[in-house]
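Coordinate analysis (summary)
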Amino acid sequence: MDIIAWVLIITCFVIAFIGLIYPIIPSVLFIVLGFIVYGLFYSFADLGWLFWTIEILFIILLFVADSLANLIGVKKFGGTKAGMWGSTIGLLVGPFIIPVVGILVGPFIGAVVGELIVTKTDYKQALKAGVGSLVGFLTSVVTKGAIQIIMIIIFIIAI
């Protein structure tokens, strides 16, 4: 049973990291699912109130980091809300239209199209917003990846 438990826990954590690249996968839910699988197979007693308090704070931080990175990236490069929405839509649709590369191209194209169509921004400024969305996305991936690693390390220390 130990092998099955740890395969499930590790699989949850791996899926969470895949979710960094494919945002349709809710990373944080798979991290928490890994904790729950551990508790079901072993004991929730190892994961006390301090553990859950810290992890919930990190979950909130994950959501904030995700939202802020995209917002700051697009805004820093002169984009508008249309660029942010276009970037978000491109992030969700891109990987399905262009597998693998779409995760990078989607937010860029989405931000550019959003800026050009909705706000009627000039092409040069729309490209800057696209670059900002790409920088925001990559910053978000790195930040969320680091937070997820910290969450798993805290889990390992707790058990």
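Cut-offs applied
- Residues numbered from 1 in each chain as written.
- Predicted model: local features only at pLDDT ≥ 70, side-chain atom pairs only at ≥ 80, totals over all residues.
- Heavy atoms only, no water.
- Helix = DSSP H or I, 4+ residues; strand = E, 2+ residues; numbered from the N terminus.
- Buried < 20%, exposed > 50% of the residue type's maximum accessible area, 1.4 Å probe, protein only.
- Areas by Shrake-Rupley, 256 points an atom, 1.4 Å probe, with all protein chains shown as cover.
- Lys, Arg positive; Asp, Glu negative; His and termini not counted.
- Charge placed at Lys NZ, Arg CZ, Asp CG, Glu CD.
- pLDDT = per-residue confidence, 0-100.
- Polar contact = N/O pair within 3.5 Å; in protein donor to acceptor, adjacent residues only side chain to side chain.
- Contact = heavy atoms within 4.5 Å.
- Core = buried A, V, L, I, M, F, W, Y, C linked by side-chain atoms within 4.5 Å.
- Phe/Tyr/Trp six-rings, centres within 6.5 Å; stacked < 30°, edge-to-face > 60°.
- Expected span 1.5 Å × (residues − 1).
- Bend = angle between axes of the 7 residues up to and from the residue.

**Some words on the overall build of the chain**
Of regular secondary structure, the chain possesses six helices and zero strands. Reading the chain from its N terminus to its C terminus gives the helix and strand order α-α-α-α-α-α. When the backbone C-alpha atoms are referred to their principal axes, the chain occupies close to 60 × 30 × 20 Å. Expressed as a percentage of the 159 residues in the chain, the buried residues total 41%. Surface accessibility of the chain: about 8800 Å² in total, with carbon and sulfur atoms responsible for 81%. Of note, the chain has its 7 positive side-chain charges centred 22 Å away from the centre of its 6 negative side-chain charges.

**Quick notes on the confidence of the model for the chain**
With 100% of its residues at a pLDDT of 70 or more, the chain shows a mean pLDDT of 87. Averaged over each element, pLDDT in the chain is lowest for helix α4 (residues 81–97) (82) and highest for helix α2 (residues 27–41) (94).

**Some remarks on the side chain of Ser27**
Looking at the secondary structure, you find Ser27 in helix α2. For Ser27, a relative accessible area of 10% corresponds to the buried category. A polar side-chain atom of Ser27 sits 3.5 Å from the main-chain amide nitrogen of Leu20. Setting aside chain neighbours within four positions, we find Ser27 in contact with Ala16, Gly19, Leu20 and Gln148.

**Things to note about the nonpolar core**
Of all hydrophobic cores here, the largest spans 20 residues; its most connected members are Phe13, Ile31, Phe35, Met151 and Phe155. Elements with a contribution of two residues or more to this core: α1 (2–21), α2, α3 (49–76) and α6 (123–158). With six residues, the top contributor of residues to this core is α2. Discounting residues that sit within four places of it in the chain, Ile31 has contacts with Phe13, Ala16, Gln148, Met151 and Ile152.

**Brief notes about the packing of aromatic side chains**
In the structure shown here, the tally under the stated rule is 12 aromatic pairs. Seen from their ring centres, Phe13 and Phe155 are 5.7 Å apart, and the 80° between their planes marks the pair as edge-to-face. Of this pair, Phe13 sits in helix α1 while Phe155 sits in helix α6, placing them 142 residues apart in sequence. With respect to class, Phe13 is no different from Phe155; both count as buried. Ring pairs connect the aromatic residues Trp6, Phe13, Phe35, Tyr38, Tyr42, Phe51, Trp52 and Phe155, which therefore count as one cluster.

**Brief notes about α4**
Structurally, the α-helix is built with 3.6 residues per turn, so residues lying three or four positions apart point the same way. Its 17 residues place the ends of α4 23 Å apart at the C-alpha level, agreeing with the 24 Å of an ideal helix rising 1.5 Å per residue. At Leu91, α4 shows its maximal bend, which comes to roughly 35°, and the proline Pro95 appears one to four places after that position. Among all positions of α4, only Ala82, Gly83, Met84, Gly86, Ser87, Gly90, Leu91, Gly94 and Pro95 are buried. If you follow the buried residues of α4, they end up packed against α3, α5 (102–117) and α6.

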